[in-house]
Amino acid sequence: MEENREKNIQNKVIVVTGGSRGIGVAIVKLLANEGYHVILNYNQSKEAAENVKQELKQQGKEIDIFKADVSKREEVKGLIQFVIEKYKKIDVLINNAGIAQEKLFTQITDNDWNTMIQTNLNSVFYCTQEAVPYMIANQEGTIINISSIWGVTGGSCEVHYSVAKAGIDGMTKALAKELGPTHIRVNSIAPGAIDTDMNKNVTQEEWEELKQEIPLESIGKASDIAKCVKWLIEDEYTTGQVISVNGGWYI
Ligand code: NAP
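These remarks concern the structure in this document. (Residues numbered from 1 in each chain as written. Predicted model: local features only at pLDDT ≥ 70, side-chain atom pairs only at ≥ 80, totals over all residues. Heavy atoms only, no water.)

Next up on the list: a negative patch on the surface. A cluster of acidic residues, Glu 102, Glu 205, Glu 206, Glu 209 and Glu 213, forms a negative patch at the surface. With respect to the secondary-structure elements, Glu 206 resides in helix α8 (residues 204–213). For Glu 206, a relative accessible area of 41% puts it in the partly exposed group. (Patch = residues over 30% accessible without salt bridge, like charges linked within 9 Å, V, L, I, M, F, W, Y side chains within 5 Å. Areas by Shrake-Rupley, 256 points an atom, 1.4 Å probe, with all protein chains shown as cover. Salt bridge = Lys/Arg side-chain N within 4 Å of Asp/Glu carboxyl O. Lys, Arg positive; Asp, Glu negative; His and termini not counted. Charge placed at Lys NZ, Arg CZ, Asp CG, Glu CD. Helix = DSSP H or I, 4+ residues; strand = E, 2+ residues; numbered from the N terminus. Buried < 20%, exposed > 50% of the residue type's maximum accessible area, 1.4 Å probe, protein only.)

Shown next as structure tokens:
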């Protein structure tokens, strides 16, 4: 049994978008340490991506790193082609790359809106659409979208972000139905407040206030999301779900 599990893991090819920082790095490290073949996608943080590769190498784990701006269809095509040429398949796609922006609704420009939708929502469409034919060919696969608590509840001063994340959750549910018969599972993870660069402007005082609102009385770690990702990869009967990993902040 244990031998089969190991064989299964060693064969699995996993793409993590936005794997150079924050939640993405935690996902990459956890999965690489489990023995999966991981392809870390990055866009601007080349050095950070190389450091993750180097660190894992020292632990005896090999990963691939690949630069692609996932908000651009052509670059996504390049990423997926790289994976197919090297591994002939994609078992798991983790759509994690994302940006945030806080602005009053009345001050969101067309450019802000378009950049947000392009980076946080259209990227998920591009990556998923480019990867899914290979999953269908194999009659199996797993897609995990990292959405957000704000897509579920709505975030004040983050309307465009909330729209993009709610869109991801809609895509998750619809696609899970469409792809279920081909044994491809599609799920979202909706993180609450996680301590990463994305929240670098949050002050210590604000973190303390936030903790009072969270039943588990702590801020989430990137590794909390990575553990849920690992569970979803290994699971076989969960699809079309938006799984909240938020310390009970929203129940
Ligand atoms: P982060 O620390 O700011 O890291 C963002 C990652 O996304 C980086 O690796 C970045 O890569 C990548 N990225 C951004 N734009 C990209 C693009 N166009 N193409 C490819 N990669 C791109 O953010 P994080 O907190 O880890 O967030 C990861 C995901 O979790 C996001 O989707 C975010 O919305 C979601 N989330 C986060 C929180 C939170 O509290 N932190 C809560 C809910 C949801 P480069 O630096 O290489 O460009």
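After that view of the structure, there is still more to cover.
Compared with the 18 Å implied by 1.5 Å per residue over 13 residues, the 19 Å span of helix α2 (residues 22–34) between its first and last C-alpha is a close match. Listed in full, the buried residues belonging to α2 are Ile 23, Gly 24, Val 25, Ala 26, Ile 27, Val 28, Leu 31 and Ala 32. Gly 35 lies just past α2 and shows a positive phi near 105 degrees. (Expected span 1.5 Å × (residues − 1).)

Scanning the model with the defined rule gives three aromatic pairs in all. A ring pair is formed by Phe 125 and Tyr 126, whose centres lie 5.8 Å apart and whose planes are at 45 degrees; its orientation type is tilted. On the basis of relative accessibility, which here comes to 13%, the residue Tyr 126 falls in the buried class. The residue whose ring lies beneath Arg 73 is Phe 125, and the NZ or CZ to ring-centre distance is 5.2 Å. (Phe/Tyr/Trp six-rings, centres within 6.5 Å; stacked < 30°, edge-to-face > 60°. Lys NZ or Arg CZ within 6 Å of the ring centre and 35° of its normal.)

Right, let's get into a nonpolar patch on the surface. Taken together, Phe 105, Trp 113 and Val 163 make up a surface patch of nonpolar side chains, about 290 Å² in accessible area. With respect to the helices and strands, Phe 105 occurs in the loop between β4 (92–95) and α5 (110–138). Using a relative accessible area of 56% as the deciding quantity, one classes Phe 105 as exposed.

Let's shift gears to the pattern of salt bridges. Going through the model one piece at a time under the given rule, you end up with 15 salt bridges. Among the salt bridges present, the one from Lys 86 reaches Asp 64, with a minimum N-O distance of 2.7 Å. With Lys 86 in helix α4 (residues 73–87) and Asp 64 in strand β3 (residues 64–67), the pair connects residues that are 22 residues apart, well separated along the chain. Under the relative-accessibility criterion, Lys 86 is labelled partly exposed at 46%. Residues joined in a network through salt bridges with shared partners are Glu 34, Lys 230 and Glu 234.

Pairing is parallel across the open sheet formed by seven strands, whose spatial order is β3-β2-β1-β4-β5-β6-β7. Across the chains shown, the open sheet's two edge strands, defined by having one partner strand only, are β3 and β7 (242–245). Going across the sheet, the axis of each strand differs from the next one's by a mean of 20 degrees, ignoring polarity. Relative to strand β2 (residues 37–42), strand β1 (residues 13–16) runs parallel, the two being bridged by four bridges. Within the sheet, the bridge partner assigned to Val 15 lies in β2 and is Ile 39. Running at roughly 165 degrees to β2, helix α3 (residues 46–58) makes contact with β2 and β3 of the sheet. Packing against the sheet, α5 makes contact with β4, β5 (141–146) and β6 (184–191), and its axis sits at approximately 175 degrees to β4. (Pairing = 2+ DSSP bridges. Axes fitted to C-alpha atoms, helices over the stretch in contact; angles between N-to-C directions. Contact = heavy atoms within 4.5 Å.)

Note that all results are geometric; they support no functional claim without further evidence.
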